[in-house]
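Coordinate analysis (summary)
One-letter residues, chain by chain:
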Amino acid sequence: MKRVPLAHLALLAIIYLAFVTLGLPDGVLGVAWTAMRLDLHQPLAAVGLLTITLTLSSGISTLFSTYILNKLGTGPVVMISGFLTGLALLGFSVAPALGWLVVLAVPLGLGAGAVDAGLNHFVAAHYSSRHMNWLHGCWGIGATLGPLIMGASLAAAGWHRGYQTIAALQLSLAVVLLLSLSLWNRENAKPPAVVHSDTQQAQLKPVSTLATWLAPLAFLLYVATEAGTGLWAASILVSNRGISAATAGLWVSFFFGAITVGRFGIGLIANRLGNRRLIRLGVLTATVGAVMFAMPWLPAALSSLGLIVMGLGCAPIYPCMMHETARRFPSHLTATVIGRQVGLSYVGSASVPAACGLLATYAGLSTVMPALILLLLVLLAVTERLNRLT
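A few points on the structure. In this text, all values refer to a predicted model and were calculated from it rather than measured experimentally.

Cut-offs used in this document
- Residues numbered from 1 in each chain as written.
- Predicted model: local features only at pLDDT ≥ 70, side-chain atom pairs only at ≥ 80, totals over all residues.
- Heavy atoms only, no water.
- Helix = DSSP H or I, 4+ residues; strand = E, 2+ residues; numbered from the N terminus.
- Rg over C-alpha atoms; globule rule 2.2 N^0.38 Å.
- Contact = heavy atoms within 4.5 Å.
- Areas by Shrake-Rupley, 256 points an atom, 1.4 Å probe, with all protein chains shown as cover.
- Lys, Arg positive; Asp, Glu negative; His and termini not counted.
- Charge placed at Lys NZ, Arg CZ, Asp CG, Glu CD.
- Salt bridge = Lys/Arg side-chain N within 4 Å of Asp/Glu carboxyl O.
- Buried < 20%, exposed > 50% of the residue type's maximum accessible area, 1.4 Å probe, protein only.
- Expected span 1.5 Å × (residues − 1).
- Core = buried A, V, L, I, M, F, W, Y, C linked by side-chain atoms within 4.5 Å.
- Axes fitted to C-alpha atoms, helices over the stretch in contact; angles between N-to-C directions.
- Parallel < 35°, antiparallel > 145°, perpendicular 65-115°, else oblique.
- Left-handed = near helix turned anticlockwise from the far one by under 90°.
- Patch = residues over 30% accessible without salt bridge, like charges linked within 9 Å, V, L, I, M, F, W, Y side chains within 5 Å.
- Disulfide = S-S within 2.5 Å.

Focus: the overall build of the protein
When helices and strands are tallied, the protein shows 18 helices and zero strands. Its C-alpha radius of gyration of 21 Å places the protein within 12% of the 21 Å reference for a compact globule of 390 residues. Here the C-alpha coordinates of the protein stretch approximately 60 × 50 × 40 Å along the principal axes. Long-range pairs, those at least 24 residues apart, make up 83% of the contacts in the protein with a sequence separation of at least 6. With an accessible surface of roughly 16,900 Å², the protein has 71% of that area assigned to carbon and sulfur atoms. The centroid of the 20 positive side-chain charges in the protein is displaced by 6 Å from the centroid of its 8 negative side-chain charges.

Written as structure tokens, this is what we have:
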């Protein structure tokens, strides 16, 4: 049995922790905003300024991620991003007005986008599909813990303390990353696990420009579907199915919980089944779950169960598409494509859920899930076309 170097395992553990902390701020603003806006004397809709700023900053960061990663290396970029996001979150806890929050959202978004692109590229190049699935499962742990921390802080000491706690966790990780820079340098000195031999390079199809954009488009479609479901499922359950707000919130948490649990479970079989097969099975399963949830004539419990089926289907799609990028494209293009993928993910998470809101306003909430099902079918077509091109 091949012995895995201790330094390799230590760095992997640090990467897992980094993705937990990357997920911590996600969802926190939504939990805290009700209290924040009252203290800052802002209307409910003012949160849009923050989300737009965060999305744009993250997107810009990913566009320049290839250049920055080539100049500094993954370890320093992730470490700097950790300090950047930690200090921005600390600033959130003491911001006296909305304008300050908007300003602080810029470094928060820049840091999140850089660490997202950097870690995804590093793991795709140096680790197996199993670890990529578990990595994104760790993001789910952080995305679950963040709202819990903020909720507990709101009950005990206010939203200021919640942001201080999450900032402290981010800054603690940044210190760990600073102390572990030698581990990153040692790992980068090794040839990436996906570098193709001369024989393999001769067998690869010429890189299609279309493929370098279809891969990012697939991420936009997937993230748009996940974010759209997460944002509008509760409203559909309350308004169209007659379920209480508390129960609807529980079903939405089951959706995200299924994604997180599914990623850890799929990690056990990912290397055996392969990325492309898991992507195809995931999209088909998610579509079945979405169709179940879209059927208003089904019993409410059975229809709601579709959210869990959809979550389990969603579980392998993002990490397997990300991991497959390093196998679809030669190493000199991988970082560029991954930067585009993360950037368009932010575009999808910001634009499509908002578009679903307009659709719900003018055509009714019952039209939201059919629209998301259509996105899943387009995603299936895009990924199959990408398989043929690469």
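Focus on the pattern of salt bridges
Where charged atoms from two side chains of opposite charge come close, those side chains can pair. Inspection of every chain in the model, using the stated rule, returns two salt bridges. The shortest N-O distance in the salt bridge between Glu 324 and Arg 276 comes to 2.8 Å. Of this pair, Glu 324 sits in helix H16 (residues 317-328) while Arg 276 sits in helix H14 (residues 275-294); the two residues are 48 residues apart in sequence, bridging distant segments of the chain. For Glu 324, a relative accessible area of 9% translates into the label buried. Exposure remark for Arg 276: the relative accessible area of 25% places this residue in the partly exposed category. Where Arg 280 meets Glu 384, a salt bridge forms, and the shortest distance between an N and an O atom there is 2.8 Å. One end of the pair, Arg 280, is in helix H14; the other, Glu 384, is in helix H18 (residues 368-389), with 104 residues separating them in the sequence.

Some remarks on helix H17 (residues 331-363)
The terminal C-alpha atoms of H17, which comprises 33 residues, lie 46 Å apart, in line with the 48 Å expected from a rise of 1.5 Å per residue. Looking one or two residues past H17, Gly 364 carries a phi angle of roughly 100°, positive in sign.

Focus: the nonpolar core
Ranked by size, the top nonpolar core spans 86 residues in total, and within it Ile 15, Leu 119, Tyr 222, Met 310, Met 321, Val 368 and Leu 379 carry the most contacts. Considering each element in turn, this core owes the most residues, 13 residues, to helix H11 (residues 209-241). Discounting chain neighbours no more than four positions away, the residues touching Val 368 are Trp 232, Ile 236, Cys 356, Leu 359 and Ala 360. With 22 residues, the next largest nonpolar core counts Trp 33, Ala 95, Leu 98 and Leu 101 among its residues.

Examining the side chain of Thr 325
Locating Thr 325 in the fold gives a position in helix H16. Setting aside residues no more than four positions away along its own chain, Thr 325 makes contact with Thr 334, Val 337, Ile 338 and Gln 341.

With respect to the side chain of Ser 304
Assignment of secondary structure puts Ser 304 in helix H15 (residues 300-314). In this structure, Ser 304 is in contact with Leu 237, Ile 243, Trp 251 and Phe 293, ignoring residues within four places of it in sequence.

A closer look at unusual backbone geometry
Note on backbone geometry: most residues besides glycine have negative phi, and most peptide bonds are trans. We note that His 41 has phi near 60°; this positive angle belongs to a residue other than glycine. Summarising the element assignment, His 41 is placed in the loop between helix H2 (28-40) and helix H3 (47-63).

Details of the packing of helix H6 (residues 98-126) against H17
Each pair of packed helices can be described by the angle between their axes along with the distance between the axes. Following both chains from N to C, one finds H6 and H17 inclined at 135°, their axes separated by 9 Å at the closest point. With respect to each other, H6 and H17 are oriented oblique. In this structure, H6 meets H17 at a crossing whose hand is right-handed. Contacts from Ala 112, Gly 113, Asp 116, Ala 117, Asn 120, His 121 and Ala 124 of H6 reach H17 at Thr 334, Ala 335, Ile 338, Val 342 and Tyr 346.

Description of a nonpolar patch on the surface
The grouping of Ile 52, Leu 56, Ile 60, Leu 63, Phe 64, Tyr 67, Ile 68, Leu 72, Ile 80, Leu 84, Val 106 and Leu 110 at the surface amounts to a nonpolar patch, some 1,100 Å² of accessible area in total. If you list the elements that add at least two residues to the nonpolar patch, you get H3, helix H4 (65-72), helix H5 (74-94) and H6. With respect to the helices and strands, Ile 52 occurs in helix H3.

Things to note about the environment of Leu 24
In this structure, Leu 24 sits in the loop between helix H1 (6-23) and H2. Separated by 105 residues in sequence, Leu 24 and Ser 129 have C-alpha atoms that sit 23 Å apart. The residues contacting Leu 24, other than those within four sequence positions of it, are Gly 142, Ala 143, Leu 145, Gly 146, Ile 149, Ile 166 and Leu 169.

Focus: the environment of Pro 316
When you line up the elements, Pro 316 lands in the loop between H15 and H16. Apart from the residues lying within four places of it in its own chain, the contact partners of Pro 316 are Asn 133, Ile 266, Leu 278, Gly 282 and Met 321.

Quick notes on the state of the cysteines
Disulfide: a covalent bond formed between the sulfur atoms of two cysteine residues. Per the stated rule, a full pass over the model turns up zero disulfides. Unpaired in terms of disulfides, Cys 356 finds its nearest cysteine sulfur in Cys 314, a separation of 14 Å. Overall, Cys 356 belongs to the buried group, its relative accessible area being 4%.

The values reported here are purely geometric and, on their own, carry no functional implication.
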